[in-house]
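# A structural walkthrough
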Amino acid sequence: MDGYYYLHTNGDLIYKKFEPELDSPFVKEIWPVDITNRANAWQIALEALALGANAERVKNLARKWNLTFDDSIEMLKRVEPTERMKTGLNLFIEKILQMKIISARNMRSYHE
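A short tour of the structure in this document, coming up.

## Remarks on the packing of aromatic side chains
Going through the model one piece at a time under the given rule, you end up with three aromatic pairs. Taken together, a centroid distance of 5.6 Å and an interplanar angle of 80 degrees make the contact between Y5 and W65 edge-to-face. Placement of Y5 in strand β1 (residues 4–8) and of W65 in helix α2 (residues 55–65) is noted, with a sequence separation of 60 residues between them. The burial state of Y5 is the same as that of W65; both residues are buried. Judged by centre distance (5.0 Å) and plane angle (65 degrees), the rings of W42 and F92 are edge-to-face.

## A word on α2
Where α2 is concerned, the buried positions are V58, K59, L61, A62 and W65. All buried residues of α2 lie within an arc of 165 degrees about the axis, which places them on one face of the element. Those residues of α2 that are exposed and aimed more than 90 degrees away from the buried face are R63 and K64. Where the residues of α2 are buried, they touch β1, β2 (13–16), α1 (38–50) and α4 (83–96). One side-chain oxygen at the N-terminal end of α2 lies 2.8 Å from the backbone nitrogen of E56; it belongs to N54. Looking at the residues trailing α2, positive phi occurs at N66, about 60 degrees.

## Remarks on the pattern of salt bridges
In this structure the tally under the stated criterion is five salt bridges. With a closest N to O distance of 2.9 Å, E74 and R78 form a salt bridge. With E74 and R78 both in helix α3 (residues 69–78) and four residues apart, the pair spans about one turn of that helix. In this structure, the salt-bridge partner of K86 is E83, at a minimum N-O distance of 3.2 Å. Of this pair, K86 and E83 both sit in helix α4, three residues apart, which is roughly one turn of that helix. Put simply, E74, K77 and R78 are held in one network by salt bridges that share partners.

## Examining the packing of α2 against α4
Two elements in contact, α2 and α4, have axes separated by 11 Å at closest approach and are oriented at 90 degrees. As the angle between them shows, α2 and α4 are arranged roughly perpendicular. Between α2 and α4, the residues in contact are A55, V58, K59 and A62 and F92, K95 and I96, respectively. Within the contact of α2 with α4, the residues separate by chemical class into five nonpolar, no polar and two charged.

## Re the sheet that holds β1
Spatially, β2-β1-β3 is the arrangement adopted by the three strands of the open sheet, whose pairing is antiparallel. Two strands close off the open sheet at either side, each with one partner strand: β2 and β3 (27–32). Adjacent strand axes in the sheet meet at a mean angle of 25 degrees, parallel and antiparallel pairs treated alike. Of the strands in this sheet, β1 and β2 touch α2, which is tilted by about 50 degrees from β2.

Cut-offs used in this document
Residues numbered from 1 in each chain as written. Predicted model: local features only at pLDDT ≥ 70, side-chain atom pairs only at ≥ 80, totals over all residues. Heavy atoms only, no water. Phe/Tyr/Trp six-rings, centres within 6.5 Å; stacked < 30°, edge-to-face > 60°. Helix = DSSP H or I, 4+ residues; strand = E, 2+ residues; numbered from the N terminus. Buried < 20%, exposed > 50% of the residue type's maximum accessible area, 1.4 Å probe, protein only. Arc of directions from axis to C-beta. Contact = heavy atoms within 4.5 Å. Polar contact = N/O pair within 3.5 Å; in protein donor to acceptor, adjacent residues only side chain to side chain. Salt bridge = Lys/Arg side-chain N within 4 Å of Asp/Glu carboxyl O. Axes fitted to C-alpha atoms, helices over the stretch in contact; angles between N-to-C directions. Parallel < 35°, antiparallel > 145°, perpendicular 65-115°, else oblique. Nonpolar A, V, L, I, M, F, W, Y, C, P; charged D, E, K, R; others polar. Pairing = 2+ DSSP bridges.

Printed below as a string of C-alpha coordinates:
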(Lines give C-alpha, C1' and ligand atoms only; values in the text may rest on other atoms or scores of the structure.)
Protein backbone atom coordinates (compact mmCIF):
# COMPACT_ATOMS: atom_id res chain seq x y z
CA MET A 1 0.00 0.00 0.00
CA ASP A 2 1.33 3.40 -1.03
CA GLY A 3 -0.95 5.56 1.10
CA TYR A 4 -4.55 6.69 0.77
CA TYR A 5 -6.66 9.34 -0.88
CA TYR A 6 -9.80 10.45 0.85
CA LEU A 7 -12.59 12.73 -0.21
CA HIS A 8 -13.38 15.42 2.34
CA THR A 9 -16.98 16.61 2.61
CA ASN A 10 -15.85 20.00 1.24
CA GLY A 11 -14.77 18.36 -2.05
CA ASP A 12 -11.03 18.25 -1.37
CA LEU A 13 -9.29 15.06 -2.51
CA ILE A 14 -6.49 14.60 0.01
CA TYR A 15 -3.52 12.20 0.12
CA LYS A 16 -2.42 10.68 3.43
CA LYS A 17 0.38 8.22 4.12
CA PHE A 18 -1.74 6.50 6.78
CA GLU A 19 -5.37 5.43 6.50
CA PRO A 20 -7.83 8.16 7.53
CA GLU A 21 -10.70 7.31 9.84
CA LEU A 22 -13.77 6.39 7.80
CA ASP A 23 -16.08 7.17 10.70
CA SER A 24 -15.02 10.84 10.65
CA PRO A 25 -17.96 13.11 9.80
CA PHE A 26 -15.69 14.86 7.25
CA VAL A 27 -14.67 11.79 5.22
CA LYS A 28 -16.96 10.80 2.33
CA GLU A 29 -14.79 7.99 0.91
CA ILE A 30 -11.32 6.46 1.20
CA TRP A 31 -9.27 4.80 -1.56
CA PRO A 32 -6.05 2.85 -0.96
CA VAL A 33 -3.29 3.81 -3.40
CA ASP A 34 -1.35 1.26 -5.43
CA ILE A 35 1.07 3.14 -7.67
CA THR A 36 1.69 0.00 -9.75
CA ASN A 37 -1.98 -0.25 -10.79
CA ARG A 38 -3.34 2.17 -13.44
CA ALA A 39 -6.89 1.02 -12.78
CA ASN A 40 -6.49 2.24 -9.20
CA ALA A 41 -5.65 5.76 -10.42
CA TRP A 42 -8.72 5.74 -12.66
CA GLN A 43 -10.93 4.45 -9.86
CA ILE A 44 -9.81 7.20 -7.49
CA ALA A 45 -10.25 9.98 -10.06
CA LEU A 46 -13.59 8.82 -11.44
CA GLU A 47 -15.27 7.79 -8.19
CA ALA A 48 -14.09 10.99 -6.51
CA LEU A 49 -15.63 13.08 -9.31
CA ALA A 50 -18.88 11.13 -9.01
CA LEU A 51 -18.94 11.89 -5.29
CA GLY A 52 -18.41 15.63 -5.78
CA ALA A 53 -14.62 16.10 -5.69
CA ASN A 54 -13.20 19.44 -6.76
CA ALA A 55 -12.73 19.07 -10.54
CA GLU A 56 -9.59 21.23 -10.56
CA ARG A 57 -7.91 18.91 -8.04
CA VAL A 58 -8.85 15.87 -10.11
CA LYS A 59 -7.58 17.64 -13.22
CA ASN A 60 -4.20 18.19 -11.55
CA LEU A 61 -4.01 14.54 -10.52
CA ALA A 62 -5.06 13.43 -14.01
CA ARG A 63 -2.15 15.40 -15.46
CA LYS A 64 0.24 13.97 -12.87
CA TRP A 65 -1.00 10.40 -13.46
CA ASN A 66 -1.28 10.89 -17.26
CA LEU A 67 -5.00 10.03 -17.34
CA THR A 68 -5.85 10.90 -20.93
CA PHE A 69 -8.67 10.19 -23.35
CA ASP A 70 -6.66 7.41 -25.04
CA ASP A 71 -5.79 5.94 -21.65
CA SER A 72 -9.48 5.94 -20.68
CA ILE A 73 -10.20 3.74 -23.70
CA GLU A 74 -7.51 1.29 -22.56
CA MET A 75 -8.89 1.37 -19.02
CA LEU A 76 -12.38 0.51 -20.27
CA LYS A 77 -11.00 -2.46 -22.21
CA ARG A 78 -9.40 -3.89 -19.06
CA VAL A 79 -11.67 -2.92 -16.15
CA GLU A 80 -15.32 -3.50 -15.34
CA PRO A 81 -16.22 0.00 -14.13
CA THR A 82 -18.37 0.50 -11.05
CA GLU A 83 -21.50 2.64 -11.34
CA ARG A 84 -19.59 5.48 -9.67
CA MET A 85 -16.79 5.11 -12.22
CA LYS A 86 -19.33 5.33 -15.07
CA THR A 87 -20.78 8.51 -13.61
CA GLY A 88 -17.31 9.87 -12.98
CA LEU A 89 -16.18 9.07 -16.53
CA ASN A 90 -18.93 11.30 -17.94
CA LEU A 91 -17.80 14.09 -15.61
CA PHE A 92 -14.14 13.44 -16.48
CA ILE A 93 -14.86 13.75 -20.20
CA GLU A 94 -16.82 16.99 -19.75
CA LYS A 95 -14.91 18.73 -16.92
CA ILE A 96 -11.36 17.44 -17.21
CA LEU A 97 -10.97 16.69 -20.92
CA GLN A 98 -13.50 19.42 -21.80
CA MET A 99 -15.11 17.31 -24.50
CA LYS A 100 -18.81 16.96 -25.34
CA ILE A 101 -20.53 13.62 -24.98
CA ILE A 102 -22.76 12.87 -27.95
CA SER A 103 -25.20 10.02 -27.58
CA ALA A 104 -26.27 7.89 -30.54
CA ARG A 105 -29.74 9.47 -30.23
CA ASN A 106 -28.29 12.98 -30.56
CA MET A 107 -26.11 12.01 -33.53
CA ARG A 108 -29.20 11.56 -35.70
CA SER A 109 -29.86 15.29 -35.49
CA TYR A 110 -26.40 16.01 -36.94
CA HIS A 111 -27.19 13.90 -40.01
CA GLU A 112 -30.70 15.18 -40.68
